[in-house]
Each structure stands twice: as structure tokens, then as C-alpha cells.
Amino acid sequence: MIYILIVIAIVITETMIKNYMEDNLKLGERKEILKGKIILRKHYNRGMMLDFMEGKMEIIKKISGLLLAILLIIFAILLPKKGKRILKLGLSFVLGGAISNVGDRYNKGYVVDYFSFNTKFKKLGRIVFNLSDMFIFMGCALIAISGYLPVKGEKLVEEAAKKSAERINNHM
């Protein structure tokens, strides 16, 4: 259940942020936050990552819709199974981000991106992200980690949880 709540929280939070950006910033307008380290800038991504396939929205909708459907099926199959917490968390992050971005593509015809990093590397500073992109990235990293440490990682988490529970019980 917690994994479904994570997906819902990501979608709701991202929707609120995107709506705020739509209502309060003009397209291309820049505002610096966190002492200039992050730049808020509304950008409409009419393609995939980094505007790849820009202007081919119908193909992009089909591809992203199909990938989202596959992720939902995998998530639904995996969710009731015990263990695999890291994999489930990673899928939750990816799904939350994907639902938000795919929703934008279908509802608006573009994805609302709104922040970039102020960096010495000019190319990196021109890339505009959204929170969904960050969750997709983190989720993919967790999925990769779960693939390398599926048994050991789960056992370590379970052992740590058991030891913590034992310590709590011993102190009571």
C-alpha cells in the first residue's frame, strides 16, 4: 500500500507544482532560488527527454503510453509479492514521474519543465527538468541497484529491521 501512496504523492505534488508554474511564470521567464544555484524557468518540452523527437507528439504519446502500460502491469504483478522493497520503491518513483509526464503529453501536448541548475557547464545549465524527471532518474537507479543486490540487499534490510525490533523489545 505504501508504494501506491508514493505514486499518488508524486503525481499530486508534481501536478500542483506544474500548475503553479503555469499560472505564475511566463514561458522562458527565469527566477533564481537557493542563492542562484537553481533557476526556475518554465519550458514546454514538446518531445521526449531533452526535446528528442520534438514535433512528433502522436508517436511520442503512443510510445510513452505503451511504456507506462507495461510499467503498470509489472508494478501490479510485483506489488503483492513479499520482499523486493528496493525494486518496488524504484518502480513507485518511475511510475509517479511517468504518470505525471505522460498525463501532460496527453492533456496539454507538452510536458511542463521548470527548473535547471546554475552551473559552470553551460550545456548542463540549458537543460530544464521537472520533479517527475528526477523521480524517474532516481527510480531507475534504484531498479538497477535492486538488480545487482536482489538477495543480499533484501536480506540486509530485513536483518536490520529484525535487529532494531529486537533492541526495542529488549528495552521494554
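Residues numbered from 1 in each chain as written. Predicted model: local features only at pLDDT ≥ 70, side-chain atom pairs only at ≥ 80, totals over all residues. Heavy atoms only, no water.

Engineer: Just give me the short version of the packing of aromatic side chains, but keep the residues and values in it.
Structural biologist: In the structure shown here, the tally under the stated rule is six aromatic pairs. Residues Phe115 and Phe117 carry aromatic rings whose centres are separated by 5.8 Å and whose planes lie at 85 degrees to one another, so their mutual orientation is edge-to-face. With relative accessibility at 29%, the residue Phe117 sits in the partly exposed group. Cluster of aromatic residues (ring-pair linked, three or more members): Tyr114, Phe115, Phe117 and Phe129. (Phe/Tyr/Trp six-rings, centres within 6.5 Å; stacked < 30°, edge-to-face > 60°. Buried < 20%, exposed > 50% of the residue type's maximum accessible area, 1.4 Å probe, protein only.)

Engineer: Let's hear about the pattern of salt bridges: which residues, and what values?
Structural biologist: Opposite charge on two side chains lets them pair, provided their charged atoms get close. Under the counting rule described, the total for this entry stands at six salt bridges. The partner of Lys42 in a salt bridge is Glu22, with the nearest N and O atoms 3.6 Å apart. Of this pair, Lys42 sits in strand S2 (residues 38-45) while Glu22 sits in helix H1 (residues 2-24), and the two are 20 residues apart along the sequence. Salt bridges sharing partners connect three or more residues here, namely Glu14, Lys18, Glu22, Lys42, Asp104 and Lys108. (Salt bridge = Lys/Arg side-chain N within 4 Å of Asp/Glu carboxyl O. Helix = DSSP H or I, 4+ residues; strand = E, 2+ residues; numbered from the N terminus.)

Engineer: I'd like a rundown of the packing of H1 against helix H5 (residues 131-148), residues and numbers included.
Structural biologist: Orientation of H1 relative to H5, taken along the N-to-C sense of each, is 150 degrees, at an axis distance of 9 Å. It follows that H1 is roughly antiparallel to H5 by the angle criterion. Two secondary-structure elements touch here, H1 through Ile10, Thr13, Glu14, Ile17 and Lys18 and H5 through Leu131, Ser132 and Phe135. Across the contact of H1 with H5, the residue classes break down as four nonpolar, two polar and two charged. (Axes fitted to C-alpha atoms, helices over the stretch in contact; angles between N-to-C directions. Parallel < 35°, antiparallel > 145°, perpendicular 65-115°, else oblique. Contact = heavy atoms within 4.5 Å. Nonpolar A, V, L, I, M, F, W, Y, C, P; charged D, E, K, R; others polar.)

Engineer: Explain H5 residue by residue, including any values.
Structural biologist: The terminal C-alpha atoms of H5, which comprises 18 residues, lie 26 Å apart, in line with the 26 Å expected from a rise of 1.5 Å per residue. Listed as buried for H5 are Ser132, Phe135, Gly139 and Ser146. Projected down its long axis, H5 carries its buried residues within an arc of 60 degrees, all on one side. Opposite the buried face of H5, by more than 90 degrees, sit the exposed residues Phe137 and Tyr148. (Expected span 1.5 Å × (residues − 1). Arc of directions from axis to C-beta.)

Engineer: Tell me about the nonpolar core, and please be specific about residues and values.
Structural biologist: Judged by nonpolar contacts, the single largest core of 15 residues is most densely connected at Phe75 and Leu95. Sorting the residues of this core by element identifies H1, helix H2 (57-78) and helix H3 (85-108) as the ones contributing at least two each. At six residues, the largest contribution of residues to this core is made by H3. One finds Met21, Leu25, Val112 and Tyr114 within the second-largest nonpolar core, a separate group that totals ten residues. (Core = buried A, V, L, I, M, F, W, Y, C linked by side-chain atoms within 4.5 Å.)

Engineer: Please set out the side chain of Glu14 residue by residue, giving values where relevant.
Structural biologist: Tracing the sequence through the fold places Glu14 in helix H1. In this structure Glu14 comes out as buried when scored by relative accessible area, which is 0%. Leave out the neighbours within four places in its chain, and Glu14 touches Ser100, Tyr114, Asn130, Leu131 and Ser132.

Engineer: Explain the packing of H1 against H3 residue by residue, including any values.
Structural biologist: At a minimum axis separation of 8 Å, H1 and H3 run at an interaxial angle of 35 degrees. In this structure, the crossing between H1 and H3 has a hand that is right-handed. Residues of the contact of H1 with H3, tallied by class, amount to nine nonpolar, six polar and seven charged. (Left-handed = near helix turned anticlockwise from the far one by under 90°.)

Engineer: How would you summarise the pairing of S2 if you had to cite specific residues and measurements?
Structural biologist: Side-chain positions along a regular strand alternate between the two faces of the sheet. With seven of its eight residues buried, S2 lies for the most part within the structure. Here four bridges tie strand S1 (residues 30-33) to S2, and the two strands are oriented antiparallel to one another. Note that in S2 the partner of Ile33 across the bridge is Ile38. Counting the residues in the hairpin turn of S1 and S2 gives four residues, including Leu34, whose phi is positive at 50 degrees. As judged from the six bridges shared by S2 and strand S3 (residues 111-117), these two strands associate in the antiparallel manner. What sits directly across from Asn45, in S3, is Val111. (Pairing = 2+ DSSP bridges.)

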